[in-house]
Amino acid sequence: MDDDRKRTPTRGAQLRYLEAGLRVLANHGHAGLKLATVCETVGATTGSFYHAFPNWGDYTSALIRYWREEKSDRFIRSARDVTDPVQRLRFLIDVALQLPHESEAAIRVWASHDSAVRAIQIDADEERRRFISDAYFDAIGDRDRADRYATVAMYLLVGYENATHRSRSALRWALETYFQQALAEEDLVAPTHDDAPVTQ
């Protein structure tokens, strides 16, 4: 039994490598996602890596799932707690600004080479778009317009992640401007930013 415990990786050890993988993607792009670079980022040996993950394929599969669950789905879950739909939309602007955009840009490149990664990336984008659409629908009661607003919001986000020049202040301005325009079209009043919930 002691030997079995020694061979079983801890979740904490795995998380170190998963977080390191996202940092490598952010700093070096998909082409830089290599075993040696991940281990160097963690400050560990390849032997330690193979104690945490049986092989590189299992690791990369775990890495894309970890991004989806912890860096996308978790933010959506937090937004579900905001009951007022207009405040929820403003909350989503803060969520959009906190996403790991550099890592996600690399994941989009990765997805162009790997069908399994592409399926997860497309599903994550669609889940985000549906959630934004639902928030707009709750606010305005029109599904067609809600879908249009959500689709354009995703254009802003994906375009930002694919851009060669990124400015978070410009992204905030674009999302805020679009949000205000959408609410003005629907004769709704947006809460001030100070009144909106703040993500942790």
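Provided above is the structure to which this section pertains.
So, how was this worked out
- Residues numbered from 1 in each chain as written.
- Predicted model: local features only at pLDDT ≥ 70, side-chain atom pairs only at ≥ 80, totals over all residues.
- Heavy atoms only, no water.
- Helix = DSSP H or I, 4+ residues; strand = E, 2+ residues; numbered from the N terminus.
- Buried < 20%, exposed > 50% of the residue type's maximum accessible area, 1.4 Å probe, protein only.
- Contact = heavy atoms within 4.5 Å.
- Areas by Shrake-Rupley, 256 points an atom, 1.4 Å probe, with all protein chains shown as cover.
- Lys, Arg positive; Asp, Glu negative; His and termini not counted.
- Charge placed at Lys NZ, Arg CZ, Asp CG, Glu CD.
- Expected span 1.5 Å × (residues − 1).
- Salt bridge = Lys/Arg side-chain N within 4 Å of Asp/Glu carboxyl O.
- Phe/Tyr/Trp six-rings, centres within 6.5 Å; stacked < 30°, edge-to-face > 60°.
- Polar contact = N/O pair within 3.5 Å; in protein donor to acceptor, adjacent residues only side chain to side chain.

**Student:** Please explain the overall build of the protein chain as it appears in this structure.
**Tutor:** Each helix and strand counted, the protein chain has ten helices and zero strands in total. Along the protein chain, from the amino end to the carboxyl end, the secondary structure elements read α-α-α-α-α-α-α-α-α-α. Principal-axis analysis of the C-alpha atoms places the extent of the protein chain at approximately 65 × 40 × 30 Å. The 200 residues of the protein chain split such that 47% are buried. For the protein chain, restricting intrachain contacts to residue pairs at least 6 apart in sequence, the fraction spanning at least 24 positions comes to 68%. Of the roughly 10500 Å² of accessible surface on the protein chain, 51% is carried by carbon and sulfur atoms. Where the 26 positive side-chain charges of the protein chain centre and where its 31 negative ones centre are 5 Å apart.

**Student:** Please explain helix α2 (residues 11-28) as it appears in this structure.
**Tutor:** Owing to its 3.6 residues per turn, the α-helix aligns residues three or four sequence positions apart on the same side. With 18 residues, α2 ought to run about 26 Å at 1.5 Å a step, and its terminal C-alpha atoms sit 25 Å apart, in line with that. The complete set of buried residues in α2 reads Ala13, Gln14, Tyr17, Leu18, Ala20, Gly21, Leu22, Val24 and Leu25. Check the buried side of α2 and you find it contacts α3 (35-42), α4 (46-52), α5 (56-80) and α7 (101-111). Where α2 ends, the next residue or the one after it, glycine 29, has phi of about 75 degrees, a positive value.

**Student:** Quick question: what am I supposed to make of the environment of histidine 30 here?
**Tutor:** Inspection of the secondary structure puts histidine 30 in the loop between α2 and α3. Aside from chain neighbours lying at most four places away, what touches histidine 30 is Leu25, Ala106, Val109, Trp110 and His113.

**Student:** How should I be thinking about the pattern of salt bridges in this particular structure?
**Tutor:** Throughout the structure, instances matching the rule amount to 20 salt bridges. Between aspartate 94 and arginine 172 there is a salt bridge, with the nearest N and O atoms lying 3.2 Å from each other. Residue aspartate 94 is located in helix α6 (residues 85-98), and its partner arginine 172 is located in helix α10 (residues 168-185); the two are separated by 78 residues in the primary sequence. Residue glutamate 185 is joined to arginine 148 by a salt bridge in which the shortest nitrogen-to-oxygen separation is 3.2 Å. With glutamate 185 in helix α10 and arginine 148 in helix α9 (residues 143-162), this residue pair connects regions lying 37 residues apart in the sequence. Accessibility expressed as a relative area gives 41% for arginine 148, which makes it partly exposed. Among the charged side chains, a network of salt bridges with common partners joins Arg68, Asp73, Asp123 and Glu127.

**Student:** Got a minute to help me understand the packing of aromatic side chains in this structure?
**Tutor:** In this description, an aromatic ring pair is defined by two values, namely the gap between the centres and the angle between the planes. By the definition in use, this model includes ten aromatic pairs. Plain terms: the ring middles of tyrosine 17 and phenylalanine 49 are 5.4 Å apart, the flat faces sit at 85 degrees to each other, and that makes the pair edge-to-face. Taken together, the positions of tyrosine 17 in helix α2 and phenylalanine 49 in helix α4 put the pair 32 residues apart, joining distant regions of the chain. With respect to burial, tyrosine 17 and phenylalanine 49 carry one shared label: buried. Between phenylalanine 49 and tyrosine 50, the ring centres sit 5.1 Å apart and the planes meet at 85 degrees, which makes this aromatic pair edge-to-face. Residue class for phenylalanine 49 comes out buried when judged on its relative accessible area of 0%. Accessibility expressed as a relative area gives 42% for tyrosine 50, which makes it partly exposed. An aromatic cluster is present here, built from Tyr17, Phe49, Tyr50, Phe53, Trp56 and Tyr59 joined pairwise through their rings.

**Student:** Help me out: how do you make sense of α6 in this one?
**Tutor:** Over its 14 residues, α6 runs 20 Å from end to end, which matches the ideal 20 Å to within 8%, given 1.5 Å per residue. Within α6 the residues assigned to the buried category are Pro85, Val86, Arg88, Leu89, Arg90, Phe91, Leu92, Ile93, Asp94, Val95, Ala96 and Leu97. Looking at the buried positions of α6, the neighbouring elements they touch are α5, α7, α8 (115-140), α9 and α10. With a side-chain oxygen lying 3.1 Å from the backbone nitrogen of valine 86, the N-terminal cap of α6 falls on aspartate 84.

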